Amino acid sequence: MRASDGDRDKIASVLREHYAQGRLTTEEFDERLEQLYTSKTYGELAVLTSDLPDVDLRRLPEAPSRAPERAKASGGKDLQKKGLAAAWSVWATASGINWMIWLIVGITGDFPYPWPLWVMGPWGVVLLVATIASGLGHDKNR
């Protein structure tokens, strides 16, 4: 009987799990994946897992959905928000570290020129433009 893409995805999940548990070496895993995606029948799929414990092709759980499909379904806005929040967080952390260095140098001697502005200024402007351009603050349905 011919195997579907979904069947191959299930077997790929099983192979990844056995690889993660140390039952397959990297070479064996790569070899089996190559064979997996050229397999056409259930028999060929069964050969790939015949030496692994507890593999019944008919009782495998559904393969997990792919990330691009989830992102497409939600419009990608959640991922975009998380990405921008992470970028702003990194900017704030780096800025804070630079200001602490500046403060320590100032306390131990004369306060130097406020050079951290040159670090945080251009980077902050780029982040601000990216945030505004993404349009996350505006609901287009209104």
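Structure shown above.
Residues numbered from 1 in each chain as written. Predicted model: local features only at pLDDT ≥ 70, side-chain atom pairs only at ≥ 80, totals over all residues. Heavy atoms only, no water.

### A short note on the packing of helix α1 (residues 5-20) against helix α3 (residues 42-49)
Contact geometry for α1 and α3: axes closest at 11 Å, N-to-C directions at 5°. In this view, α1 runs roughly parallel relative to α3, as classed from their interaxial angle. Between α1 and α3, the residues in contact are D7, R8, I11, V14 and L15 and Y42, L45, L48 and T49, respectively. Along the lines of polarity and charge, the residues of the contact of α1 with α3 split into 6 nonpolar, 1 polar and 2 charged. (Axes fitted to C-alpha atoms, helices over the stretch in contact; angles between N-to-C directions. Helix = DSSP H or I, 4+ residues; strand = E, 2+ residues; numbered from the N terminus. Parallel < 35°, antiparallel > 145°, perpendicular 65-115°, else oblique. Contact = heavy atoms within 4.5 Å. Nonpolar A, V, L, I, M, F, W, Y, C, P; charged D, E, K, R; others polar.)

### Describing the pattern of salt bridges
Evaluation of the coordinates by the stated rule reveals 2 salt bridges. One salt bridge connects R8 with D5, and the closest N-O pair in it is separated by 3.0 Å. Of this pair, R8 and D5 are both found in helix α1, 3 residues apart, which corresponds to roughly one turn of the helix. The shortest N-O distance in the salt bridge between D51 and R32 comes to 2.9 Å. A residue pair is termed long-range when its members are at least 10 positions apart, and D51 in the loop between α3 and α4 (67-73) and R32 in helix α2 (residues 26-36) qualify at 19 residues. According to the relative accessible area criterion, R32 is buried, its value standing at 12%. (Salt bridge = Lys/Arg side-chain N within 4 Å of Asp/Glu carboxyl O. Buried < 20%, exposed > 50% of the residue type's maximum accessible area, 1.4 Å probe, protein only.)

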